[in-house]
Amino acid sequence: MRHLLLAMLIVCAAVSRSVGQSPAAVDWTAIEAETMRHFQALVRMDTSDPPGGEKPAADYVKSVLEREGIPVEVYALEAHRPNVVARLKGSGRKRPLLIMGHTDVVNVDPKKWSHPPFGADRDGGYVYGRGTVDDKDNLTAALMVMLMLKRGNVALDRDVIFLAEAGEEGTTRVGIEFMVNQHFAAIDAEYCYAEGGGVTREKGAVRFASVQTVEKIPNGIDLIARGPAGHGSVPLTTNAVAHLSKAVAAVAEWQPPIDLNDTTAAYFSRLAAISPPEQARRYRDVMTGDPKAVAAADAWLRENEPRHASMLRTSVSPNIIQGGYRNNVIPSEARATLDVRMLPDENPERFLAQIKRVVNDPAVDVVFNGWPQTTTGKPRNGGESPINSEAFTTIEAAVTKHYATTTLPSMSTGASDMAFLREKGIRCYGIGPATDVEDGPKGFGAHSDQERILETELHRFVRFHWDIVVNLAGAKP
Ligand SMILES: [Zn+2]
């Protein structure tokens, strides 16, 4: 208890020092009640994407900000899918900080939910509903930080820009791409905090915090086998299905080389430092120059921790295979589609040539298939946001303060909206509240049919978010 009190006093002292407020300025009990009110209101809006109808959430956020006297701009490519931007002005001594969350959520199958997906039911210390951990948590936290900055009249060195974006779940055309391509001046910043990280709890105890600093670049490659069509009663050595099968097997068997970047090297060494000896050895082995140790650790990770294996390299997963249309016809074409997740410094053309060598069959074409589609027609790649930046070290300090744990910079294997911003030179860091590692397999995670958040962790995340924004953007003497 004493420890807790002492910690709270330090928190208050830190806040008062950095922003010139009295320690009593933030009434956390009132803030928690207000956080819950906004959070529930936002979760109760059905903003499923597709079809996408973020307007109610955008209107809500806009009215909350305006009621506080914070000016708001609305940018919409489609009227029912607006993006909301608000800015609190700083002294201009430093470049702006962007904080953002997305208003849309993935679809639901209401029959599968025991709590209604848009009910925001509070039960047993949790709030249940679609978007509770993706991304109405980040949205609400960023909103609360804006309100608190304004009420406290906090002096800022940086402008703090708030963005509630539409279309993150698959229609970036109306969301981040629209903002980046048409209204970049409204959101241009030195740093950005958004979704994509989080704190991992195991058996109720915090284990580590991960902060997304880079992400892999999605790319689609098709293998197309061609050969003469014919009667199935007369087998041909040129059979397209047979050639394709060999090609797919060869690609699946092959492993692209391991290549660590600053983020993944720091990730595995920091993870090793907090892991049991057996696991720690594997994380360290992949970073050694000893080919035997690397191969053994890699094989173990591929089998047991496939996400970690994917973080080591550009990955290839054959996900669609098609060819043929009737029993007695040899088809003239068969096609397989590979989901390729490239390391940010991968050379796409060189990688394609490498796949051709692995396939090693002139009857099989290897081509990029144009996935994923972006408005500019090319995959996005922002590279790594550095882990020695002021924005990252600010997060690390707040993680230590609020969660007393290690911060792991992480490269996500999937894609997020931050790639569009990183490509424009904004250094982005993905953060998030604490969730229980056991929740995913039990079906309570993001995109699941029982998505939920611990109330205490929502509130801790708001306090954490407040600290990182005040410490990064607040006026320093
Ligand atoms: Zn999300």
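The rules behind each value
- Each chain carries its own residue numbering, running from 1 in the direction its sequence is written.
- Per-residue local features of the predicted model are confined to residues with pLDDT of at least 70, and side-chain atom pairs are confined, for both listing and counting, to 80 or more; whole-chain, interface and lining totals are unaffected and use all residues.
- Each side-chain value is worked out from all heavy atoms of the structure, with water and hydrogens disregarded.
- Labels follow the DSSP assignment, with helices taken as runs of H or I lasting at least four residues and strands as runs of E lasting at least two, numbered in each case from the N terminus.
- For a compact globule the rule gives 2.2 Å times the number of residues to the power 0.38, and the radius of gyration it is set against comes from C-alpha atoms.
- Only protein chains enter the accessibility calculation, which uses a 1.4 Å probe. A residue is then buried if its area is under 20% of the maximum for its type, exposed if over 50%, and partly exposed in between.
- Here, two residues are considered to be in contact whenever any of their heavy atoms come within 4.5 Å of each other.
- Residues scored as positive are Lys and Arg, those scored as negative are Asp and Glu, and His as well as the terminal groups of each chain are ignored.
- Positions of charges follow a simple convention, taking NZ of Lys, CZ of Arg, CG of Asp or CD of Glu.
- Two strands qualify as a pair provided that DSSP identifies no fewer than 2 bridges between them.
- Note on definitions: angles span 0 to 180 degrees between N-to-C directions of axes, and those axes are lines fitted to C-alpha atoms, for helices only across the stretch in contact.
- Donor atoms (N, O, S) are those found within 2.8 Å of the metal centre, with the cutoff raised to 3.2 Å for Na, K and Ca; water is not part of the atom list, so apparent gaps in a site can occur.
- Each label reflects the angles at the metal, where four donors whose angles all fall between 85 and 135 degrees are tetrahedral, four or six donors whose opposite pairs open beyond 155 degrees and whose other angles stay between 65 and 115 are square planar or octahedral respectively, and the rest are irregular.
- Oblique is the label for any angle not under 35 degrees, not over 145, and not in the 65 to 115 range, which are roughly parallel, roughly antiparallel and roughly perpendicular in turn.
- What makes a crossing left-handed is the near helix being turned counterclockwise from the far one by less than a right angle; a clockwise turn instead makes it right-handed.
- Working definition: rings of Phe, Tyr and Trp (its six-membered ring) pair if their centres are within 6.5 Å, and the pair is stacked with planes under 30 degrees apart, edge-to-face with planes over 60 apart, and tilted otherwise.
- Salt bridges are identified by distance alone: a Lys or Arg side-chain nitrogen within 4 Å of an Asp or Glu carboxyl oxygen.
- Only protein atoms enter the 1 Å grid, on which a cavity is a set of points fitting a 1.4 Å probe that cannot get out and a pocket is an open set with protein on both sides within 12 Å along at least 5 of 7 lines, lining residues being those with an atom within 4 Å of a point.
- Grid points are joined across faces, edges and corners, and a volume is the space filled by probe spheres set on the points.
- Gly falls in the polar group here, along with every residue not listed as nonpolar (Ala, Val, Leu, Ile, Met, Phe, Trp, Tyr, Cys, Pro) or charged (Asp, Glu, Lys, Arg).
- Take the buried Ala, Val, Leu, Ile, Met, Phe, Trp, Tyr and Cys residues and link them wherever side-chain atoms come within 4.5 Å; each set so joined is a nonpolar core.
- Patches here are clusters of residues that have more than 30% relative accessible area and form no salt bridge, with a 9 Å joining cutoff for like charges and a 5 Å cutoff for nonpolar side chains (Val, Leu, Ile, Met, Phe, Trp, Tyr).
- For the area figures, the Shrake-Rupley method with a 1.4 Å probe applies, and any residue is considered shielded solely by the protein chains shown.
- The predictor's confidence in any single residue is recorded as pLDDT, a number from 0 to 100.
- How far a helix is expected to stretch is found by multiplying one less than its residue total by 1.5 Å.
- The arc in question is the one traced by the directions running from the helix axis out to the C-beta atoms.

Check the secondary structure of the chain and you find 15 helices and 19 strands. Scaling as 2.2 N^0.38, a compact globule of 477 residues should have a C-alpha radius of gyration of about 23 Å, and the chain matches this with 24 Å. When its C-alpha atoms are laid out on the principal axes, the chain stretches across 85 × 55 × 45 Å. Per-residue burial for the chain yields a buried fraction of 53% across its 477 residues. For the chain, long-range pairs separated by at least 24 residues make up 80% of all intrachain contacts whose partners lie at least 6 apart in sequence. Each charge class in the chain was averaged separately, 53 positive and 59 negative side chains, and the resulting centres sit 2 Å apart.

Once that is clear, we can look at the side chain of serine 315. Relative to the elements of secondary structure, serine 315 occurs in strand E12 (residues 315-323). Relative accessible area serves as the criterion here: at 15%, serine 315 is assigned to the buried category. Setting aside its immediate chain neighbours within four residues, serine 315 contacts Lys216, Ser310, Asp339, Val340 and Arg341.

The strand order across the open sheet formed by three strands is E4-E5-E19, and the pairing between neighbours is antiparallel. Both edges of this open sheet fall to strand E4 (122-123) and strand E19 (452-454), since each of them pairs with a single strand only. Of the strands in this sheet, E4, strand E5 (126-128) and E19 touch helix H2 (residues 28-43), which is tilted by about 25° from E5.

Now for the sheet that holds strand E10 (residues 217-226). With respect to topology, four strands assemble into an open sheet ordered E12-E14-E10-E15, the strand pairing being antiparallel. Both outer strands of the open sheet, E12 and strand E15 (364-368), are each paired with one neighbouring strand and no more. Each neighbouring strand pair of the sheet contributes to a mean axis angle of 20°, computed without reference to strand direction. Across 10 bridges, E10 lies against strand E14 (residues 333-342) in antiparallel orientation. Looking across to E14, one finds that isoleucine 217 is bridged to methionine 342.

Turning our eyes to something else, we now look at the coordination of the zinc ion. The protein atoms that coordinate the zinc ion are His102 (NE2), Asp134 (OD), Glu195 (OE) and Glu195 (OE), at distances of 1.9 to 2.6 Å. Angles of 53 to 149° at the metal separate the four donor atoms of the zinc ion, which places the site in the irregular class. Each donor residue of the zinc ion belongs to the same chain, with the gaps between them written as H-x31-D-x60-E. Here glutamate 195 lies in the loop between strand E7 (191-194) and strand E8 (198-202) and aspartate 134 lies in the loop between E5 and helix H4 (136-151), a separation of 61 residues in the sequence.

What follows covers the packing of helix H8 (residues 262-273) against helix H9 (residues 277-285). In contact at an axis separation of 8 Å, H8 and H9 are set at 160° when each is read in the N-to-C sense. Comparing the axis directions of H8 and H9 gives the class roughly antiparallel. When the axes of H8 and H9 are compared, the crossing they make is left-handed. Each of Phe268, Leu271, Ala272 and Ala273 in H8 lies in contact with H9, whose residues at this interface are Ala280, Tyr283 and Arg284.

Here we come to the pairing of E8. Where burial is concerned, most of E8 is hidden: four out of the five residues are buried. Summarising the sheet, E8 and strand E9 (residues 205-215) pair through five bridges and their orientation is antiparallel. Within the sheet, the bridge partner assigned to glycine 198 lies in E9 and is serine 210. For E8 and strand E18 (residues 434-436), the ladder comprises three bridges, and the chain directions are parallel. Pairing of valine 199 across the sheet is with alanine 434, part of E18.

Moving on to the packing of aromatic side chains. The geometry of an aromatic ring pair is captured by the separation of the ring centres together with the interplanar angle, meaning the angle of the planes. In the structure shown here, the tally under the stated rule is nine aromatic pairs. Note on tryptophan 254 and phenylalanine 351: the rings are 5.9 Å apart at their centroids and 45° apart in plane angle, and the pair reads as tilted. Taken together, the positions of tryptophan 254 in the loop between helix H7 (240-253) and H8 and phenylalanine 351 in helix H12 (residues 348-359) put the pair 97 residues apart, joining distant regions of the chain. For the pair tryptophan 254 and phenylalanine 351, a shared accessibility class is recorded, and that class is buried.

On to the pattern of salt bridges. On inspection of all chains with the given rule, the structure shows 37 salt bridges. The salt bridge involving arginine 87 is made with aspartate 159; its shortest N-O contact spans 2.8 Å. Pair noted here: arginine 87 is in strand E2 (residues 83-88) and aspartate 159 is in the loop between H4 and strand E6 (160-165), with a separation of 72 residues, a long-range link. Arginine 130 is paired through a salt bridge with glutamate 451; the nearest N and O atoms lie 2.8 Å apart. Taken together, the residues span a long stretch of sequence, with arginine 130 in the loop between E5 and H4 and glutamate 451 in the loop between E18 and E19 at a distance of 321 residues.

Volume-wise, the largest pocket comes out at about 1200 Å³. Along the wall of the largest pocket there are 42 residues; nearest its centre are Gly196, Gly197, Gly198, Ser210 and Ala446. For the lining of the largest pocket, the secondary-structure elements that each account for two or more residues are H4, E8, E9, strand E16 (407-412) and E18. Looking at the lining of the largest pocket residue by residue, the classes come out as 12 nonpolar, 18 polar and 12 charged.

Turning next to the nonpolar core. Counting 56 residues, the largest nonpolar core has Leu65, Ile99, Leu149, Phe162 and Tyr193 as its most contacted members. Here this core takes 10 residues from H4, the largest share from any one element. Not counting residues within four places of it along the chain, the set of residues in contact with phenylalanine 162 comprises Val61, Leu65, Val84, Val85, Ala86, Ile99, Leu139, Ala142, Leu143 and Met146. Listed in part, the 22 residues of the second largest apolar core include Ile217, Leu223, Ala240 and Met342.

Bringing a negative patch on the surface into the picture now. A contiguous patch of negative charge, built from Asp259, Asp262, Asp345 and Glu384, is present on the exposed surface. On the basis of relative accessible area, aspartate 345 is assigned to the exposed category, the value being 55%.

In this section: the confidence of the model for the chain. Per-residue pLDDT for the chain has a mean of 93; in total, 94% of the residues score no lower than 70. Per-residue pLDDT stays below 50 along residues 1-24; that stretch engages in 17 contacts with residues further than four places along the chain or on separate chains.

Look at helix H13 (residues 390-403): 19 Å from first C-alpha to last across 14 residues, which is about the 20 Å you get at 1.5 Å a residue. For H13, the set of buried residues is Ala391, Phe392, Thr394, Ile395, Ala398, Val399, His402 and Tyr403. Axial view of H13: buried residues confined to an arc of 155°, hence all on one face. Taken from the residues just after H13, alanine 404 is the one with a positive phi, measuring 50°.

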